[in-house]
Amino acid sequence: MSHGFMAAAGPVAAQQRELFWIVAPVLAFVVGPVLILVPLIAWHYRLSNKGDAYRPNWNFSWTLEGFIWIPPALIVIGLAVLLWSYTKRLDPYRVLPGASPLEVQVVASDWNWLFVYPGSGIASVNRLVIPADRPVRLTITSTTVMQSLMIPRLTGQIYAMAGMKTQLNFQANRPGNFRGANMQYNGNGFPQQSFDVVAVNPSQFQNWLAGSDRMAPTFDAHVRGLLAERSTVAGEPVYAHVPRGFFDSVVAANGGAAHAGANGRSQ
């Protein structure tokens, strides 16, 4: 539970937890009578029970029909209204209120996660560093088969697809370490394809960017070749001087042009 949305550490996961506690009792009310009545009815109409009345001509009851249809209809209508509202609020593309979001580009591969900070030219592997109490917007793609990114304590799940872009907006309310992973099976390295999310104070985040820019090795063709291999990278390396437009080139190289919309941008 400590790694799931029940221990929410951000506004998106907190709303997911809130929705769970609303829907769970309603579904328990739906399932509960079935779980109770099925064994009771089976016991009551057992072959050895000869004493109860036999009513071959009984065929209709308004009371029973109302009990069967009215409560389920009200439940479906109520849940539909509730889920419609939460679906809009939890839209992964909806930018969270507050400061301008930190833009991070995410490239999923077999079997690593590459996080690119386009505003700083920094890239990290299997480690996402973010400032606490500031919205974050991930733009996500894949270099291989479809994968699924999820950070349970901060946000929900969204797919990464080759040649396409998806977005995920979230925020960490406080500094801390959180866990993210690929939730879509994609081969031998799937169990190891996870990453750390480290939320730090804004000043610490700026220091991390500045230190990485000065000391990290260059994100050159050799590094890109290593990340393209089907393997799990050891450690959590950080690279500097990521070429401008690198993310868009990944999308284009994996069929992005075929998925381009009317405005010429990959969808």
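This one's a predicted model, so the numbers in the text were calculated from it and none came from an experiment. (Residues numbered from 1 in each chain as written. Predicted model: local features only at pLDDT ≥ 70, side-chain atom pairs only at ≥ 80, totals over all residues. Heavy atoms only, no water.)

Observations regarding the sheet that holds strand β8 (residues 166-170)
Alright, step 1. The sheet built from six strands is open, its strands ordered β8-β5-β1-β2-β3-β11 with mixed pairing. Here the strands that pair on one side only, and so sit at the sheet edges, are β8 and β11 (238-239).
Alright, step 2. Here strand β3 (residues 122-125) pairs with β11 via two bridges, running antiparallel. Pairing of Ala123 across the sheet is with Tyr239, part of β11.
Alright, step 3. Sheet strands touched by helix α3 (residues 202-215): β1 (102-108), β2 (113-117), β3 and β11. Its angle to β3, the strand with the most contacts, is close to 95 degrees. (Pairing = 2+ DSSP bridges. Helix = DSSP H or I, 4+ residues; strand = E, 2+ residues; numbered from the N terminus. Contact = heavy atoms within 4.5 Å. Axes fitted to C-alpha atoms, helices over the stretch in contact; angles between N-to-C directions.)

Things to note about the sheet that holds strand β10 (residues 194-200)
Hydrogen bonds along the backbone pair up the strands of a sheet, which may run parallel or antiparallel.
Alright, step 1. Overall, mixed pairing links the five strands, which are arranged β4-β10-β9-β6-β7 in an open sheet. Bordering the open sheet on either side are β4 (127-131) and β7 (157-160), each of which pairs with just one other strand. The sheet shows a mean angle of 25 degrees between the axes of neighbouring strands, direction not considered.
Alright, step 2. Alignment of β4 against β10, held across five bridges, turns out to be parallel. Across the sheet, residue Pro131 finds its bridge partner in β10, namely Val200.
Alright, step 3. In the packing of α3 onto the sheet, contacts are made with β4 and β10, and the angle to β4 comes to roughly 130 degrees.

Some thoughts on helix α5 (residues 246-253)
Alright, step 1. Burial in α5 covers these residues: Phe246, Phe247, Val250 and Val251. Along the axis of α5, the buried residues cluster in a sector spanning 140 degrees; they form a single face.
Alright, step 2. Where α5 is buried, its residues meet β1, β2, β5 (136-142) and α4 (221-228). (Buried < 20%, exposed > 50% of the residue type's maximum accessible area, 1.4 Å probe, protein only. Arc of directions from axis to C-beta.)

Digging into the packing of helix α1 (residues 11-44) against helix α2 (residues 62-89)
Alright, step 1. Where α1 meets α2, the axes come as close as 12 Å, and the angle between the chain directions of the two elements is 170 degrees. Relative to α2, α1 is oriented roughly antiparallel. The handedness of the crossing between α1 and α2 is left-handed. Residues Gln15, Glu18, Leu19, Ile22, Val23, Val26, Leu27, Phe29 and Val30 of α1 form the contact with α2, whose own contacting residues are Ile75, Leu79, Leu82, Leu83, Tyr86 and Arg89.
Alright, step 2. Residue classes in the contact of α1 with α2 are distributed as 12 nonpolar, one polar and two charged. (Parallel < 35°, antiparallel > 145°, perpendicular 65-115°, else oblique. Left-handed = near helix turned anticlockwise from the far one by under 90°. Nonpolar A, V, L, I, M, F, W, Y, C, P; charged D, E, K, R; others polar.)

Quick notes on the nonpolar core
Alright, step 1. Counting 38 residues, the largest nonpolar core has Val104, Tyr117, Leu128, Ile130, Leu138 and Phe170 as its most contacted members.
Alright, step 2. Those elements that provide at least two residues to this core are β1, β2, β4, β5, β7, β8, β10 and α3.
Alright, step 3. Sequence-distant contacts of Val104, that is, excluding residues within four places in its chain, are made with Phe115, Val116, Tyr117, Pro118, Leu128, Val136, Arg137, Leu138 and Thr139. (Core = buried A, V, L, I, M, F, W, Y, C linked by side-chain atoms within 4.5 Å.)

Remarks on the side chain of Asn169
Alright, step 1. Following the sequence through the fold, Asn169 ends up in strand β8.
Alright, step 2. A distance of 2.9 Å separates the side chain of Asn169 from the backbone oxygen of Pro92, its partner in a polar contact.
Alright, step 3. Of the polar contacts made by the side chain of Asn169, one reaches the backbone oxygen of Tyr93; its length is 3.5 Å.
Alright, step 4. When near neighbours in sequence (up to four residues on either side) are disregarded, Asn169 contacts Val12, Pro92, Tyr93, Arg94, Val95, Val136, Arg137 and Thr155. (Polar contact = N/O pair within 3.5 Å; in protein donor to acceptor, adjacent residues only side chain to side chain.)

Topic: the pattern of salt bridges
Alright, step 1. Under the definition given, this model contains six salt bridges.
Alright, step 2. Note that Lys165 and Asp248 form a salt bridge whose closest N and O atoms lie 3.0 Å from each other. Highlighted residues: Lys165 in the loop between β7 and β8 and Asp248 in helix α5, separated in sequence by 83 residues.
Alright, step 3. Taking relative accessible area as the criterion, Lys165 reaches 22% and is therefore assigned partly exposed. (Salt bridge = Lys/Arg side-chain N within 4 Å of Asp/Glu carboxyl O.)

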